Amino acid sequence: MNTVVLAHLTEQAEKARNEAAKLLAEERQNKQKIALQLQTLQQYRNDYAVQLQQQMQNGIASNLLSNYRQFLASLDSAVTRAQNALVDQETKLDKSQQFWQTKQRKLASYETLVDRKQAAEVKIAMKREQKLADELSLAMYMRQRGLR
């Protein structure tokens, strides 16, 4: 494969890998945000439930009890939605991780090809140099012996 073509393919693969890495970082941040929102909702729901328990111990009007229960139900619904969003985000994160790994493997393949090509070129250059050195040594030897 042509060195220029291989360099271009490697560059394109590196750009694709970097874009995949950005996407992966965004998905991780999104997961952290959703997890924090879920944690906040759960804490708020727990705090509100504790308030309800305290109100119930002190006696509470039925309309206020109904309001507490409605609000707790809406908090439970919000917690469930946040849990579902977290599961969905974890799926997106896994896919993004796999996508990045695919791009990384492709880049590594091109880098391996570049390394092999460079090693082959070095080997050819060393053979040329060795051949030239052998020819020079032979010419010097023949001159010293007067064979030329």
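Preceding block: the structure.
Residues numbered from 1 in each chain as written. Predicted model: local features only at pLDDT ≥ 70, side-chain atom pairs only at ≥ 80, totals over all residues. Heavy atoms only, no water.

J.: Quick one: what's the story with the packing of aromatic side chains, residue by residue and with numbers?
T.: For the structure shown, the criterion picks out 4 aromatic pairs. Residues Tyr44 and Phe71 carry aromatic rings whose centres are separated by 5.9 Å and whose planes lie at 90° to one another, so their mutual orientation is edge-to-face. Highlighted residues: Tyr44 in helix 1 (residues 3-58) and Phe71 in helix 2 (residues 62-145), separated in sequence by 27 residues. Taking the relative accessible area as the measure of exposure, Tyr44 reaches 41% and is therefore partly exposed. Between the aromatic rings of Tyr48 and Tyr68, the centroid separation amounts to 4.9 Å while the plane-to-plane angle is 40°, which identifies the pairing as tilted. A residue pair is termed long-range when its members are at least 10 positions apart, and Tyr48 in helix 1 and Tyr68 in helix 2 qualify at 20 residues. (Phe/Tyr/Trp six-rings, centres within 6.5 Å; stacked < 30°, edge-to-face > 60°. Helix = DSSP H or I, 4+ residues; strand = E, 2+ residues; numbered from the N terminus. Buried < 20%, exposed > 50% of the residue type's maximum accessible area, 1.4 Å probe, protein only.)

J.: Residue-level account of helix 1, with values.
T.: Across its 56 residues, helix 1 extends 82 Å between first and last C-alpha, which sits within 8% of the 82 Å expected from 1.5 Å per residue. Looking only at helix 1, the buried set comprises Leu6, Thr10, Ala13, Arg17, Ala20, Leu24, Glu27, Ile34, Leu38, Tyr48, Ala49 and Leu52. Of the surrounding secondary structure, the elements contacted by the buried residues of helix 1 are helix 2. Of the residues that open helix 1, the one with a side-chain oxygen 2.9 Å from the backbone nitrogen of Val4 is Asn2. One or two positions beyond helix 1, positive phi appears at Gly59, with a value near 90°. (Expected span 1.5 Å × (residues − 1). Contact = heavy atoms within 4.5 Å. Polar contact = N/O pair within 3.5 Å; in protein donor to acceptor, adjacent residues only side chain to side chain.)

J.: Residues and numbers for the packing of helix 1 against helix 2, please.
T.: The interhelical angle for the contact between helix 1 and helix 2, taken along N-to-C directions, is 160°, at an axis separation of 6 Å. When the axes of helix 1 and helix 2 are compared, the pair comes out roughly antiparallel. Helix 2 is crossed by helix 1, and the crossing has left-handed handedness. (Axes fitted to C-alpha atoms, helices over the stretch in contact; angles between N-to-C directions. Parallel < 35°, antiparallel > 145°, perpendicular 65-115°, else oblique. Left-handed = near helix turned anticlockwise from the far one by under 90°.)

Everything listed here is a matter of geometry and, on its own, says nothing about what the molecule does.
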